[in-house]
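Next come the chains, spelled out residue by residue.
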Amino acid sequence: MENIPFKEFDKKMDNEILKNISLNLEALDLQGTIEGVKKALDERIPPFEIVKNGLSPGMDKIGEKYERKEYFLSELSFAAHIMKGAMEFLDPQLKASKEGSLGTFLIGTVKGDLHDIGKNIVSMMLTSGGFEVCDLGIDVADEKFLQKAVEIKADFVGMSSLLTTTMPSMKSVMELFRNNGIREKVRIFVGGAVVTQSFADEIGADYYAKDAMECVRKARSCIVVKG
Ligand code: B1M
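These numbers come from a predicted model, not from an experiment.

This brings us to the site of the ligand. Taken together, 37 residues form the shell around the ligand, and within it E67, L114, H115, D116 and S160 come nearest. One of the backbone nitrogen or oxygen atoms of G112 is found 2.9 Å away from a nitrogen atom of the ligand. The separation between a nitrogen atom of the ligand and a polar side-chain atom of S160 is 2.7 Å. Of all the elements in the fold, those that place two or more residues in the shell around the ligand are α3 (47–67), α4 (73–95), α5 (117–128), β3 (156–160) and β4 (187–191). Looking at the shell around the ligand, you find at least three residues from each of domain 1 (1–97) and domain 2 (101–227).

Structural data, given as structure tokens:
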């Protein structure tokens, strides 16, 4: 089965399977979600489509329930646990097509922010997209981004934030890079549920990416531009 290539995503045919994944995740059904992911992989639905159209909508619903106070922090945590379980099946598939290095991509979730599911997906997709990824994890201090970028001579630096309260760290990291003379040496990417293109423009980041696929596409386009 592992050698059978993934098929083109067929919205009409595959939506039912992906919708079930989303509903099971929303209902915090661990087993149902995992079974759904396995079924989708058996059907050769591309792994990123499983994340984008199955797991992510389920997480969004959980976020909405949390806002309406139908779910609480314990449910958010359990949802993260299910998501990580599901990702264990998807990780190898997402990483499978590693092509060699197109550049070094330093990534992390900014200071004060503990959300890492989306950032991990971005890391995986970048790895499979041919980048050498150095992942600093979560709650990364501004200085750590700078220190590591210099140490590994990063070509790209990516910051993830899911909280409006932690977005300002992206700006302070940008300033730190500017003040230490390495701003022009790296391409800076920002992303995460609360981040927008206009915020990226406001702080002077090079690129905003709405999801992992877009991040890989934009990073690859830099390579083409660089020649
Ligand atoms: Co949190 N949380 N959470 N949470 N949580 C949100 C983000 C929230 C929107 C829920 C809500 O109210 N609707 C809300 C933020 C509101 C805001 O600031 N506007 C929120 C809150 C309030 C909180 C706490 C403050 C709750 C509390 O304590 N009272 C707290 C904060 C803790 C902290 O960080 N200091 C908290 C805690 C948690 C858990 C720890 C329980 C858990 C995270 C576990 C973990 O990550 N290991 C959690 C979860 C699970 C969520 C939701 C439900 C799901 C997030 C997720 O994993 N989504 C979330 C609601 C939501 O987002 N709809 C919510 C799935 C993931 C695949 O998507 O991360 O967006 P995402 O990543 C995407 C893109 O954004 C993009 O690509 C990814 C995939 O394609 N992307 C990038 C991400 N990073 C990128 C970087 C790039 C480019 C693209 O370039 C470098």
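Okay, the packing of aromatic side chains next. Overall, the coordinates contain 6 aromatic pairs when judged by the stated rule. Arranged with centres 6.3 Å apart and planes meeting at 80 degrees, the rings of F105 and F131 form a pair that is edge-to-face. In this pair, F105 sits in strand β1 (residues 104–109) while F131 sits in the loop between α5 and β2 (132–135), placing the two residues 26 residues apart along the sequence. By relative accessible area, which is 0% here, F131 ends up buried. Where F105 meets F189, the ring centres are 5.5 Å apart and the plane angle is 55 degrees; that geometry is what we call tilted. Of this pair, F105 sits in strand β1 while F189 is found in strand β4, placing the two residues 84 residues apart along the sequence. Exposure remark for F105: the relative accessible area of 0% places this residue in the buried category. Three or more aromatic residues joined by ring pairs make a cluster, and in this case those are F105, F131, F156, F189 and Y207.

Moving on: the pairing of β3. When a strand is regular, its side chains alternate between the sheet's two faces. With 5 of 5 residues buried, β3 lies mostly within the body of the structure. Taking every second residue as pointing to the same face, both faces of β3 are buried, with F156, G158 and S160 on one and V157 and M159 on the other. Looking at chain direction, β1 and β3 are connected through 5 bridges and run parallel. Within the sheet, the bridge partner assigned to I107 lies in β3 and is G158. Across 5 bridges, the pairing between β3 and β4 is parallel.

Our focus in this paragraph is the packing of helix α6 (residues 142–152) against helix α7 (residues 168–179). If you want to describe how two helices pack, look at the angle between their axes and the distance between the axes. Running from amino to carboxyl end, α6 crosses α7 at an angle of 40 degrees, the nearest separation of the two axes being 9 Å. With respect to their mutual orientation, α6 and α7 come out oblique. When you trace α6 past α7, the crossing you get is right-handed. Facing α6, whose interface residues are D142, E143, F145, L146 and A149, α7 presents S169, S172, V173, L176 and F177. The class makeup of the residues in the contact of α6 with α7 is 6 nonpolar, 2 polar and 2 charged.

The next thing to look at is the coordination of the cobalt atom of the ligand. Of all protein atoms, H115 (NE2) alone acts as a donor to the cobalt atom of the ligand, lying 2.2 Å away. Mapped onto the elements of the fold, H115 is located in the loop between β1 and α5.

To continue, consider the nonpolar core. Of all hydrophobic cores here, the largest spans 41 residues; its most connected members are I50, L55, M87, L90, F105, I121 and L126. Residue assignment for this core shows that the elements contributing at least two residues are α1 (11–26), α2 (30–42), α3, α4, β1, α5 and α9 (212–226). Per element, the largest residue contribution to this core is 7 residues, and it comes from α4. Here this core spans two domains, since at least three of its residues come from each of domain 1 (1–97) and domain 2 (101–227). Core analysis: the second largest hydrophobic core is formed by 25 residues, M167, M174, V186 and Y208 among them.

Glancing now at the pattern of salt bridges. According to the stated counting rule, one finds 11 salt bridges in the structure shown. As a salt-bridge pair, E64 and K61 come within 3.9 Å of each other at their nearest N and O atoms. Pair noted here: E64 and K61 are both in helix α3, with a separation of 3 residues, about one helical turn. A relative accessible area of 35% means that E64 is categorised as partly exposed. Salt-bridge contacts for K84 lead to D116; the nearest nitrogen and oxygen are separated by 3.0 Å. Here the residue K84 occupies a position in helix α4, and D116 occupies one in the loop between β1 and α5, the gap between them amounting to 32 residues. On the basis of relative accessibility, which here comes to 39%, the residue K84 falls in the partly exposed class. Residue classification places D116 among the buried residues on the basis of a relative accessible area of 17%.

The rules behind the values
For every chain, the first residue of the written sequence is number 1, and numbering continues from 1 onward in sequence order. Given that the model is predicted, a residue must reach a pLDDT of at least 70 before its local features are reported, and side-chain atom pairs must reach 80 or more before they are shown or counted; all residues, however, enter totals for whole chains, interfaces and linings. As a convention, hydrogens and water are excluded, and side-chain values are obtained from all of the structure's heavy atoms. We call a residue near a given molecule or strand whenever any one of its heavy atoms falls within 4 Å of it. Under the rule applied, a polar contact is a pair of N or O atoms within 3.5 Å (in protein, one hydrogen donor and one hydrogen acceptor; residues adjacent in sequence only if both atoms are side-chain atoms). By the criteria applied, helices consist of DSSP H or I runs no shorter than four residues and strands consist of E runs no shorter than two, each listed in order from the N terminus. Domain extents, as shown, originate in an automatic or database domain assignment. Only Phe, Tyr and Trp rings are paired, with Trp represented by its six-membered ring, and only when their centres lie within 6.5 Å; those with planes under 30 degrees apart are stacked, over 60 edge-to-face, the remainder tilted. Partly exposed residues are those whose accessible area sits between 20% and 50% of the maximum for their type, while under 20% is buried and over 50% is exposed, using a 1.4 Å probe and protein chains only. DSSP bridges decide pairing: two strands pair if at least two such bridges lie between them. Note on geometry: axes are C-alpha line fits, over the in-contact stretch for helices, and angles between N-to-C directions span 0 to 180 degrees. If an angle is under 35 degrees, it is roughly parallel; if it is over 145, roughly antiparallel; if it lies from 65 to 115, roughly perpendicular; otherwise it is oblique. Crossing handedness is read from the near helix: turned anticlockwise from the far helix by less than a right angle, it gives a left-handed crossing, and turned clockwise, a right-handed one. Only heavy atoms matter for contacts: two residues are in contact if any of them lie within 4.5 Å across the pair. For this scheme, ten residues count as nonpolar: Ala, Val, Leu, Ile, Met, Phe, Trp, Tyr, Cys and Pro. Four count as charged, namely Asp, Glu, Lys and Arg, and the remainder, Gly too, count as polar. Keep in mind that water is not among the atoms, so a site may look incomplete; donors are the N, O and S atoms within 2.8 Å of the metal, or 3.2 Å for Na, K and Ca. As used here, the term nonpolar core means buried Ala, Val, Leu, Ile, Met, Phe, Trp, Tyr and Cys residues forming a set that is joined through side-chain atoms within 4.5 Å. A carboxyl oxygen of Asp or Glu within 4 Å of a side-chain nitrogen of Lys or Arg is what we treat as a salt bridge.

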